[in-house]
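Working through the structure, step by step
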Amino acid sequence: LIEAVGAREILDSRGNPTVEVEVLLDDGIVQRAAVPSGASTGAFEAYELRDGDKSRYGGKGVLKAVAAVIDELGPAIEGVDASEQRVIDEILIATDGTENKSRTGANAILGVSLAVAKAAADAADLPLFRYVGGPNAHVLPVPLFNVINGGEHADNGIDFQEFFLAPYGAETFSEALRWGTEIYHVLKSELKAAGYATGLGDEGGFAPDLPSNRAGLEFLIDAISKAGFTPGKDVGVGLDVAASEFYNDGVYHMDGKDWTPDQLIDYYADLVDSFPVVTIEDALDEEDWENWQKLTERLGSKVQLVGDDLFVTNPKRLAKGIDLGVANSLLVKVNQIGTLSETLDAVDLAHRSGYTTMFSHRSGETEDTTIADLVVAVNSGQIKSGAPARSERVAKYNQLLRIEEELGDAATFAGRAAFRRYKG
Ligand code: PGA
Ligand code: ZN
């Protein structure tokens with residue numbers, strides 16, 4: 001039974017405050033969870049409550065969310081069995097009482113929801129992935145390494161936010177991690193040799209001032225080859241365009257030009273033909289449903305089209321997308337929706353509807369590794385947690401190494417099959 005719930009303000013990887021929650025059970029078990037935070041947030045995400053008091057952390061403090069945990073959310077679940085995750089999440093949602101979790105804050109609610117799950121797993125003497133996923137949880141995901149950072153995550157001129165390496169040709173997760181890391185180091189030398197800066201963006205990727213988005217993909221392909229791998233066969237590439245960030249009034253502003261939706265879709269079709277691109281996220285604006293339909297019709301059989309800002313891990317927005325034939329993959333971010341149960345509902349709906357899923361960190365992260373367990377729990381097969389560098393990014397990959405070791409012979413690496421319907 002839940003005996004007490006505590007919370008504190010800690011710092012995330014960008015030096016911004018965030019919420020950490022601790023749950024104490026009556027048998028003495030204590031577990032904690034920390035909440036991540038985005039920069040290119042979707043307009044329809046659950047509400048992240050910040051203090052707005054300019055005298056502390058420039059208004060970004062989270063003492064109100066911390067107080068909401070201590071004064072309201074915690075007391076509301078005291079005495080409840082920690083294994084009753086769905087009941088607890090419903091209590092948290094009802095205690096907040098708003099549609100988008102804006103009163104107590106989705107950051108407060110998520111911290112409690114995840115800390116409860118960890119405490120319940122501990123009480124059951126199970127690793128979190130096993131507790132959440134049951135005996136069939138066994139698929140290690142393909143890691144999508146974001147090795148070039150642009151958009152809102154870097155101060156360079158690249159419009160696309162993320163450029164991924166997808167080492168799906170490896171035999172195991174640990175081998176994929178090694179491949180991605182080796183390519184990452186080669187990429188650094190190549191950028192340096194070409195006279196570009198090799199400082200890092202928010203997700204640990206390099207942030208060079210490249211002349212175009214296409215140049216980013218060319219550097220990736222070159223680094224894959226120079227590291228001794230075959231582009232397409234061993235390692236694919238991917239993009240998170242985060243197009244909502246450069247969309248205005250029906251026009252996309254990218255690479256210094258204005259693009260109509262049709263022109264942009266042609267541009268993507270050309271990229272998919274020219275490079276081994278296996279996944280493109282948020283290729284269009286989060287409310288441009290009509291053009292999302294066109295894009296999906298045109299490229300949906302060739303490439304994974306992921307909805308992040310589009311779906312915001314929200315079962316209702318995902319259901320709309322499925323109805324309209326929009327995208328074919330769901331990005332999963334626990335803090336976009338705010339409870340573990342709703343996250344798992346969104347994943348279930350995606351999988352039942354033939355959509356793939358990709359679990360995701362946020363650009364503001366902590367040492368918390370919950371998503372590494374969750375991605376294995378639901379056999380998703382894909383995770384993005386940034387570059388293979390910076391401890392808050394690597395923490396998730398390292399946790400996956402531990403899970404792979406724990407599963408032993410039962411572990412299956414998702415590999416190319418994670419992208420089976422698509423090119424590559
Ligand atoms: P964010 O970016 O965490 O800054 O929202 C990640 C993403 O867009 O996938
Ligand atoms: Zn995204």
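Residues numbered from 1 in each chain as written. Chains lettered and ligands numbered in written order. Predicted model: local features only at pLDDT ≥ 70, side-chain atom pairs only at ≥ 80, totals over all residues. Heavy atoms only, no water.

What follows concerns the overall build of the protein chain. The helix and strand inventory of the protein chain stands at 13 helices and 16 strands. Against the 2.2 N^0.38 benchmark of 22 Å for 424 residues, the protein chain shows a C-alpha radius of gyration of 21 Å, consistent with a compact globule. Considered along the principal axes of its C-alpha atoms, the protein chain spans approximately 60 × 50 × 45 Å. Buried residues in the protein chain amount to 60% of all 424 residues. Here the contacts in the protein chain between residues at least 6 apart in sequence split such that 71% fall between residues at least 24 apart. For the protein chain, the centre of its 38 positive side-chain charges and the centre of its 68 negative side-chain charges are spaced 4 Å apart. (Helix = DSSP H or I, 4+ residues; strand = E, 2+ residues; numbered from the N terminus. Rg over C-alpha atoms; globule rule 2.2 N^0.38 Å. Buried < 20%, exposed > 50% of the residue type's maximum accessible area, 1.4 Å probe, protein only. Contact = heavy atoms within 4.5 Å. Lys, Arg positive; Asp, Glu negative; His and termini not counted. Charge placed at Lys NZ, Arg CZ, Asp CG, Glu CD.)

Although it is not a glycine, Asp-282 adopts a positive phi angle of roughly 40°. For Asp-282, a relative accessible area of 1% puts it in the buried group. Its identity is not glycine, yet Arg-390 carries a phi of approximately 80°, on the positive side. Its place among the elements puts Arg-390 in the loop between β15 (382-384) and α13 (391-407).

The pairing of strands in a sheet happens through backbone hydrogen bonds and is either parallel or antiparallel. Taken together, three strands build an open sheet; the order of strands is β1-β2-β3 and the sheet is antiparallel. Looking along the sheet, the strands with just one partner apiece sit at the ends: β1 (2-11) and β3 (30-34). Strand after strand, the sheet turns through a mean of 20° between neighbouring axes, direction not considered. Strand direction decides the pairing type here: β1 and strand β2 (residues 17-25), joined by nine bridges, are antiparallel. Bridge pairing links Ile-10 to Thr-18 in β2. Lying on the sheet, helix α3 (residues 106-123) is in contact with β1, β2 and β3; it crosses β2 at an angle near 35°. (Pairing = 2+ DSSP bridges. Axes fitted to C-alpha atoms, helices over the stretch in contact; angles between N-to-C directions.)

Another point: the UniProt feature "active site" (unreviewed entry) in the protein chain. The residues that UniProt annotates with the feature "active site" (unreviewed entry) are Glu-203 and Lys-333. Among the structural elements, Glu-203 can be located in the loop between α5 (173-193) and α6 (213-226). Exposure remark for Glu-203: the relative accessible area of 2% places this residue in the buried category. Those residues in contact with Glu-203, other than ones at most four positions away along the chain, are Asn-146, Asn-149, His-153, Glu-162, His-361, Arg-362, Ser-363, Gly-386, Ala-387 and Arg-393. Of note is the side chain of Glu-203, whose polar atom sits 2.7 Å from the side chain of Asn-146. With respect to the helices and strands, Lys-333 occurs in the loop between β13 (329-332) and α10 (334-337). Lys-333 has contacts with Asp-308, Thr-313, Ser-360, His-361 and Arg-362, leaving out every residue within four places of it along the chain. Only 2.8 Å separates the side chain of Lys-333 from the side chain of Asp-308, close enough to count as a polar contact. (UniProt positions renumbered as here; feature names shortened; annotations may be inferred. Polar contact = N/O pair within 3.5 Å; in protein donor to acceptor, adjacent residues only side chain to side chain.)

Neighbouring ligand 1 are 15 residues, the closest being Ala-39, His-153, Arg-362, Ser-363 and Lys-384. Residue Asp-240 places a side-chain N or O atom 3.0 Å away from an oxygen atom belonging to ligand 1. Computed on the free molecule, ligand 1 has an accessible area of 280 Å², of which 100% lies beneath the protein chains in the complex. Partitioning the shell around ligand 1 into residue classes produces two nonpolar, five polar and eight charged. (Near = heavy atom within 4 Å. Areas by Shrake-Rupley, 256 points an atom, 1.4 Å probe, with all protein chains shown as cover. Nonpolar A, V, L, I, M, F, W, Y, C, P; charged D, E, K, R; others polar.)

This part covers the UniProt feature "binding site: substrate" (unreviewed entry) in the protein chain. Mapped onto the present numbering, the UniProt feature "binding site: substrate" (unreviewed entry) falls on His-153, Glu-162, Glu-281, Asp-308, Ser-360, His-361, Arg-362, Ser-363 and Lys-384. Tracing the backbone through its elements, the reader meets Asp-308 in the loop between β12 (304-307) and α9 (315-324). Discounting chain neighbours no more than four positions away, the residues touching Lys-384 are Leu-144, Glu-162, Phe-164, Asp-240, Glu-281, Leu-331, Met-358, Phe-359, Ser-360, His-361 and Tyr-397.

α6 packs onto α5 with a crossing angle of 120° between their chain directions and a minimal axis gap of 8 Å. Regarding the angle of α5 to α6, the classification is oblique. α6 is crossed by α5, and the crossing has right-handed handedness. Each of Ile-183, Val-186, Leu-187, Glu-190 and Leu-191 in α5 lies in contact with α6, whose residues at this interface are Phe-219, Leu-220, Asp-222, Ala-223, Ile-224 and Lys-226. Across the contact of α5 with α6, the residue classes tally to eight nonpolar, no polar and three charged. (Parallel < 35°, antiparallel > 145°, perpendicular 65-115°, else oblique. Left-handed = near helix turned anticlockwise from the far one by under 90°.)

Time to look at the environment of Glu-297. Secondary-structure assignment places Glu-297 in helix α8 (residues 289-299). When its relative accessible area of 72% is taken as the criterion, Glu-297 is described as exposed. Sequence separation between Glu-297 and Thr-339 is 42 residues, and the spatial gap between their C-alpha atoms is 33 Å.

Let us now look at the pairing of strand β5 (residues 142-149). Judged by how many residues are buried, β5 sits mostly within the fold: eight of eight residues are covered. Relative to β15, β5 runs parallel, the two being bridged by three bridges. Within β15, the position partnered with Pro-143 by the bridge is Ile-383. Relative to strand β6 (residues 162-166), β5 is paired through four bridges, and the arrangement is antiparallel. When the sheet's bridge partners are listed, Asn-149 is paired in β6 with Glu-162.

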